[in-house]
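Chain by chain, the residues run as shown.
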Amino acid sequence: MIESKNLENFKDKYIDEFTDDEEMNDRIKKIKAIAFDLDDTALDGQGRLSEETREAIIMAAEAGIEPIIASGRSFYSIPDEISQVPGIRYAICSNGANVFDTVNRECLSAMFLNPHSVEQIVKVADDYIDTVYLDAFTRGVPHSDRRLLDTLLSNEKISEHRKKYLRKTRHAEDDIRAFINEKKSELDCMNYNVFDTELFEELVGRLQREVDDIYYTSSLPQLIEISYKDAGKGSGLRSVCKILGLDLSEVAAFGNADNDADMIRLAGIGYAVSNSSQVALDAADIIIGPNWDNSVADEIKRIISIKD
């Protein structure tokens, strides 16, 4: 693992102590696509796409490098100002449960949770009905227990920008369990919102023991994200590479959380921002600066400069 950006001594935007590494430069020259997580990776500390990062994504596309969104977000919770950046055509969403064509707003591939798994997930949550709130994503649209949305203002464990994001994107369900039962054959994924974090490991253990055919991960300390067993951002990246006719070695992937780790490992070059979870840091080939410092933008431009 190499730290390519020293925050205190970073003198040149696109050249650092790693540039002279001939083997890595050869790998960078092969890059034909960049896959990037959004929250706490490509987006800034307020959940916004900076002008510098937007510009870098457009520059990559103009240089013949395919930019690919890779997010735990459902498709319809990705703002148009991100999904419609010129050059972006594909989005891996809901932790790889589906892949969308962002231009035509068409779902190209989808994996749904097994209905029996859905029932088991709800059954586990029922034992924590006052402390675990459910989300359910169906065909790219996110739905949440109204209790979660009603308690956002008083919840000090959620950042202000995430509160704003949840209020803006979620469809509130008065009876989330009835909704889930009605849609149990077409759920992209489900979430446990766990605000008593002492329960986190207990819930993970019960998912392992009591629920069949699932993939679970986490992007936040209070969130357990559950999809079909073959999902994951790495799986989504394989699907997009197949569409584009690319090998995984021709992709650079950027992330920050546990749910990014499989994608970071699979890519030809895996990057973690310095504010990443330990799981993501351990998966990375290169650690760059934090998300709030336009570090992804800087690294994209460095990739372009080396390829040129």
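Residues numbered from 1 in each chain as written. Predicted model: local features only at pLDDT ≥ 70, side-chain atom pairs only at ≥ 80, totals over all residues. Heavy atoms only, no water.

Under the counting rule described, the total for this entry stands at 21 salt bridges. One salt bridge in this structure joins Glu210 and Arg206, with 2.9 Å as the shortest N-O distance. Placement of both Glu210 and Arg206 in helix α9 (residues 200-210) is noted, with a separation of four residues, approximately one turn of the helix. Here Lys229 makes a salt bridge to Asp213, at a shortest N to O gap of 3.8 Å. Linking Lys229 in the loop between β12 (223-228) and α10 (233-244) with Asp213 in the loop between α9 and β11 (214-220), this pair joins segments that are 16 residues apart in sequence. Note on Lys229: relative accessible area 41%, which makes it partly exposed. Where salt bridges share partners, they join Asp37, Lys233 and Asp260 into one cluster. (Salt bridge = Lys/Arg side-chain N within 4 Å of Asp/Glu carboxyl O. Helix = DSSP H or I, 4+ residues; strand = E, 2+ residues; numbered from the N terminus. Buried < 20%, exposed > 50% of the residue type's maximum accessible area, 1.4 Å probe, protein only.)

On to helix α5 (residues 115-126), then. The end-to-end C-alpha distance of α5, which contains twelve residues, comes to 17 Å, matching closely the 16 Å that a straight helix rising 1.5 Å per residue would cover. Looking at α5, one finds that the buried residues are Ser117, Val118, Gln120, Ile121, Val122, Val124 and Ala125. On its buried face, α5 is in contact with β7 (132-138), α8 (176-182), β10 (189-194), α9, β11 and β12. Two or three places before His116, at the start of α5, stands the capping residue Asn114, its side-chain oxygen 2.8 Å from that residue's backbone nitrogen. (Expected span 1.5 Å × (residues − 1). Contact = heavy atoms within 4.5 Å. Polar contact = N/O pair within 3.5 Å; in protein donor to acceptor, adjacent residues only side chain to side chain.)

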